[in-house]
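# Results of the structural survey
The chain contents come next:
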Amino acid sequence: MSAAAVERPYGKRPLIAEANRLMDRNPGYRVEIIGGQILVSPPPDGPHGDVMTDLTLPFIAAGLHGTESRLIQGIGLWLPTGTEDYAIPDLSLVDADYRDHLIENNCYDPVCFRMVLEVTSSNYRTDLRTKVTAYAEAKVPVYVIVDRKHQRLHVLTAPAGDKYENHRPHAPGELVTLPDTIGAEVTLDVAAILKAGQPETSD
């Protein structure tokens, strides 16, 4: 559905080997390589998981987890930004034949990704900056960010080079209909999503 296939690289993979070691030593942490840098994210809090569950429902109701596409949490996306680069979006909408696009290290060619979605945690700058560039360069057609830090939902479309030509932040009170290029009409209630993802506070 999206653009350019990625050639399968060869040779030694020192960064991937180190990333895999870090994952083995830190169960529950997400380890990614973007721009030749290893990024380690702590396990998400409860509201992060809560909003993730809420987010899957409108996509499933629209029939997007079926014979034409699949909705998958934590699937690896091979990136064209470096010889060992990959990301693990919180949620991805992929073509149903994604299994035919395995590259390596449990990561798949961006050609089969229709949309990626991230819910921010303490490392929100990665989702709002670093991954914007990475997903644009991978030509993922739609990137959605649930920005819990600033209480916004961002929808980015039309990847061009290392950026998205269209980047629209949405505030609570808005209903956002995602581009029909994902395969069906999906409307998100910004206030409900942000409320579900409200970070926990300790007394």
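Preceding block: the structure.
Computed from a predicted structure; not experimentally measured. (Residues numbered from 1 in each chain as written. Predicted model: local features only at pLDDT ≥ 70, side-chain atom pairs only at ≥ 80, totals over all residues. Heavy atoms only, no water.)

Below, the discussion takes up unusual backbone geometry. Glycine aside, a negative phi is what most residues show, and trans is what most peptide bonds show. Of note, Q151 is a non-glycine position whose phi angle comes to about 55°, a positive value. For Q151, the position within the fold is in the loop between β10 (142–147) and β11 (152–160). Take Q151: its relative accessible area is 23%, and that puts it in the partly exposed class. Phi is positive for A158, which is not a glycine, with a value near 60°. If you trace the backbone, A158 turns up in strand β11. You can call A158 partly exposed: its relative accessible area is 29%. (Helix = DSSP H or I, 4+ residues; strand = E, 2+ residues; numbered from the N terminus. Buried < 20%, exposed > 50% of the residue type's maximum accessible area, 1.4 Å probe, protein only.)

Counting 26 residues, the largest nonpolar core has F59, M115, L117, L178 and I182 as its most contacted members. With 22 residues, the next largest nonpolar core counts V94, V116, A138 and L156 among its residues. (Core = buried A, V, L, I, M, F, W, Y, C linked by side-chain atoms within 4.5 Å.)

Time to look at the side chain of K131. The residue K131 is located in helix α3 (residues 124–137) in this model. If sequence neighbours within four positions are ignored, K131 has contacts with R30, E32, I34, I88, E118, T126 and Y143. (Contact = heavy atoms within 4.5 Å.)

What follows is about the sheet that holds β10. What the 6 strands build is an open sheet, ordered β3-β6-β9-β10-β11-β12; its pairing is mixed. Because the sheet does not close on itself, it has two edges, and the strands there are β3 (69–73) and β12 (163–170). The average undirected angle you get between the axes of adjacent strands in this sheet is 15°. As paired strands, β10 and β11 are joined by 6 bridges and run antiparallel to one another. Each residue of the ladder has a partner; that of V144, found in β11, is V155. Its contacts with the sheet put helix α2 (residues 46–61) on β3, β6 (91–95), β9 (113–119) and β10, and the angle it makes with β9 is roughly 150°. The strands touched by α3 are β9, β10, β11 and β12; relative to β10, the strand with the most contacts, the crossing angle is about 170°. (Pairing = 2+ DSSP bridges. Axes fitted to C-alpha atoms, helices over the stretch in contact; angles between N-to-C directions.)

So, about the pattern of salt bridges. Throughout the structure, instances matching the rule amount to 10 salt bridges. Between E32 and R30 there is a salt bridge, and its shortest N-O distance comes to 3.8 Å. The exposure class of E32 is buried, given its relative accessible area of 1%. A salt bridge links D95 to R114; the shortest N-O distance between them is 2.7 Å. (Salt bridge = Lys/Arg side-chain N within 4 Å of Asp/Glu carboxyl O.)

Attention now goes to the packing of aromatic side chains. Under the defined criterion, the tally for this structure stands at 3 aromatic pairs. Both rings, one in Y98 and one in Y108, keep their centres 5.3 Å apart while their planes meet at 70°; by these two values the pair is edge-to-face. Taken as a pair, Y98 in the loop between β6 and β7 (102–104) and Y108 in strand β8 (residues 107–108) lie far apart in primary sequence, 10 residues in all. Here Y108 falls in the buried class, since its relative accessible area comes to 15%. (Phe/Tyr/Trp six-rings, centres within 6.5 Å; stacked < 30°, edge-to-face > 60°.)

Attention now moves to the side chain of T126. With respect to the secondary-structure elements, T126 resides in helix α3. Classification of T126 as buried rests on a relative accessible area of 16%. Apart from the residues lying within four places of it in its own chain, the contact partners of T126 are L39 and K131.

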